[in-house]
Amino acid sequence: MAKLGNPQETIQVLQKHDFHFRKKFGQNFLIDPHVLDKIVDAAEVTEDDFVLEIGPGIGTMTQYLCERAKKVLAVEIDDKLIPILQETLSAYDNVEVIHGDILKQDIQAIADQHNDGKPIKVVANLPYYITTPIIMQLLESRVPLANVTVMVQKEVAERMQAKPGTKEYGALSLAVQYYANPYLAANVPPNCFMPRPNVGSAVIRLDCLKKNPIEVKDEKLMFRLIRASFNQRRKTLQNGICNSGELNFSKEEVARALEALGLPAAIRGEKLGLEEFARLSDELMRG
Ligand code: SAM
């Protein structure tokens with residue numbers, strides 16, 4: 001089987017199998033060898049690594065990963081792609097394809113079974129319709145992860161990296177930065193995909209932290225506060241928290257907590273960093 005990664009080979013495979021793109025699965029296949037090399041380089045894949053690939057498509061990036069990694073496990077939801085993958089990956093003996101939804105996989109069991117519970121690497125050109133749930137599920141699962149290198153919509157990459165006070169900063173920035181250090185590896189234009197997406201893309205690597213960067217007594221409460229304060233971006237933090245269906249604090253309680261932390265009563269959530277959300281959460285817990 002020929003090495004994939006250019007438009008001609010991709011079209012040939014698609015035509016041979018009479019494959020039609022399914023929009024609902026976010027199918028935009030990579031057709032640029034430079035970008036493929038860049039992703040695998042950014043992920044720092046070595047021959048000691050077990051790599052989980054999400055959504056292999058016709059197996060283009062999978063081939064690149066197989067040539068660098070010890071083992072690759074690829075999870076693909078579209079049943080029509082499974083026979084194609086069997087063919088395009090037939091030359092590799094270090095790959096396994098699972099037909100299924102990544103959101104329903106037991107990633108901990110995968111890491112235990114295939115990598116003796118040691119940190120795994122995740123690499124994916126993600127389907128954009130479920131980028132955030134996939135990333136958050138991975139980070140929150142506490143599965144041992146070395147890094148997660150993903151192609152995402154450019155705006156999403158910018159939000160993951162954003163710092164307080166910028167317009168990109170939000171709940172996703174805080175959630176990602178609680179678990180990982182983001183590193184933007186490359187911007188990728190639409191013409192590197194088939195079919196072309198309507199948006200620009202970027203490759204971002206999340207270097208997963210062994211220890212969270214801040215300490216907080218109740219992680220769940222902190223993330224509820226974060227969600228509440230960005231759900232209503234134009235409102236003050238106090239209003240956001242009091243209007244949230246997930247929380248039950250009075251205006252007075254929030255005002256008291258903000259005062260105890262030395263923060264202005266009318267402050268907006270977008271001004272607070274992780275550390276301040278943690279202190280606010282601890283303060284509100286104390287009552
Ligand atoms: N990796 C290929 C490439 O770069 O050419 C394909 C990338 S395409 C953007 C996303 C892939 O993820 C598609 O093959 C799609 O069928 C698959 N996919 C979509 N939702 C999925 C899910 N929930 N679980 C696993 N795979 C999924």
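Residues numbered from 1 in each chain as written. Predicted model: local features only at pLDDT ≥ 70, side-chain atom pairs only at ≥ 80, totals over all residues. Heavy atoms only, no water.

Some details on the overall build of the protein chain
Logical step 1: What the protein chain contains, in helices and strands, is 12 helices and nine strands.
Logical step 2: Projected onto its principal axes, the C-alpha coordinates of the protein chain cover approximately 65 × 40 × 30 Å.
Logical step 3: Of all intrachain contacts in the protein chain linking residues separated by at least 6 positions in sequence, the fraction that spans at least 24 positions is 68%.
Logical step 4: Accessible surface, the protein chain as shown: approximately 13600 Å² in total, 48% of it carbon and sulfur.
Logical step 5: Put simply, the protein chain has 35 plus and 38 minus side-chain charges, and the middle of one group is 6 Å from the middle of the other. (Helix = DSSP H or I, 4+ residues; strand = E, 2+ residues; numbered from the N terminus. Contact = heavy atoms within 4.5 Å. Areas by Shrake-Rupley, 256 points an atom, 1.4 Å probe, with all protein chains shown as cover. Lys, Arg positive; Asp, Glu negative; His and termini not counted. Charge placed at Lys NZ, Arg CZ, Asp CG, Glu CD.)

A closer look at the side chain of Ser229
Logical step 1: Relative to the elements of secondary structure, Ser229 occurs in helix H9 (residues 219-231).
Logical step 2: According to the relative accessible area criterion, Ser229 is buried, its value standing at 3%.
Logical step 3: Looking at Ser229, its side chain comes within polar contact range of the main-chain oxygen of Ile226, at 3.1 Å.
Logical step 4: When sequence neighbours within four positions are dropped, the list of residues in contact with Ser229 reads Leu237, Gly269 and Phe277. (Buried < 20%, exposed > 50% of the residue type's maximum accessible area, 1.4 Å probe, protein only. Polar contact = N/O pair within 3.5 Å; in protein donor to acceptor, adjacent residues only side chain to side chain.)

Quick look at empty space enclosed by the protein
Logical step 1: Going through the model one piece at a time under the given rule, you end up with two cavities of 30 Å³ or more.
Logical step 2: Estimated volume of the largest cavity: approximately 330 Å³.
Logical step 3: Taken together, 26 residues form the lining of the largest cavity, with Ile54, Gly55, Pro56, Glu76 and Asn125 sitting closest to its centre.
Logical step 4: Mapped onto the lining of the largest cavity, the elements with two or more residues apiece are strand E1 (29-30), strand E2 (50-54), helix H3 (60-68) and strand E3 (71-76).
Logical step 5: Each residue belonging to the lining of the largest cavity can be placed in one class, and the counts come to 15 nonpolar, eight polar and three charged. (1 Å grid on protein atoms, 1.4 Å probe; cavity = no way out; pocket = protein on both sides within 12 Å on 5 of 7 lines; lining within 4 Å. Points joined across faces, edges and corners; volume = space filled by probe spheres on them. Nonpolar A, V, L, I, M, F, W, Y, C, P; charged D, E, K, R; others polar.)

What about the pattern of salt bridges?
Logical step 1: By the definition in use, this model includes 16 salt bridges.
Logical step 2: With a shortest N-O distance of 3.0 Å, Glu246 and Arg227 are connected by a salt bridge. Of this pair, Glu246 sits in the loop between helix H10 (237-243) and helix H11 (251-260) while Arg227 sits in helix H9, and the two are 19 residues apart along the sequence.
Logical step 3: On the basis of relative accessible area, Glu246 is assigned to the partly exposed category, the value being 39%. (Salt bridge = Lys/Arg side-chain N within 4 Å of Asp/Glu carboxyl O.)

Overview of the site of the ligand
Logical step 1: Around the ligand sit 23 residues in total, of which Leu30, Gly55, Glu76, Asp101 and Asn125 are the nearest.
Logical step 2: A distance of 2.8 Å is found between an oxygen atom of the ligand and a backbone nitrogen or oxygen belonging to Leu30.
Logical step 3: Between the ligand and Tyr129, the relevant distance is 3.0 Å, taken from a nitrogen atom to a side-chain nitrogen or oxygen of the residue.
Logical step 4: Within the complex, the protein chains bury 99% of what would otherwise be the 600 Å² of accessible surface of the ligand.
Logical step 5: A majority-of-atoms criterion places the ligand in the largest cavity.
Logical step 6: Counting only elements with at least two residues in the shell around the ligand, the list comes to E1 and E3.
Logical step 7: For the shell around the ligand, the residue count by class is 12 nonpolar, seven polar and four charged. (Near = heavy atom within 4 Å. Sits in = over half its atoms within 2 Å of the grid points.)

Some thoughts on the packing of helix H7 (residues 154-161) against helix H8 (residues 171-179)
Logical step 1: Two numbers describe how H7 lies on H8: the axes approach to 7 Å, and their chain directions differ by 65°. Like other packed secondary-structure pairs, H7 and H8 cross with a definite hand, here right-handed. On H8, the residues that touch Val156, Arg159, Met160 and Gln161 of H7 are Leu172, Ser173, Val176 and Gln177.
Logical step 2: The class makeup of the residues in the contact of H7 with H8 is four nonpolar, three polar and one charged. (Axes fitted to C-alpha atoms, helices over the stretch in contact; angles between N-to-C directions. Left-handed = near helix turned anticlockwise from the far one by under 90°.)

Let's talk about the sheet that holds strand E5 (residues 120-125)
Logical step 1: Strand order in the open sheet formed by seven strands is E4-E3-E2-E5-E6-E9-E7, with mixed pairing between adjacent strands. For this open sheet the edge positions go to strand E4 (95-99) and strand E7 (180-188), each flanked by a neighbour on one side alone. The mean inter-strand angle of the sheet, taken between neighbouring strand axes irrespective of direction, is 20°.
Logical step 2: Inspection of the sheet shows E3 paired to E4 by five bridges, in the parallel sense. Looking across to E4, one finds that Val72 is bridged to Val95. (Pairing = 2+ DSSP bridges.)

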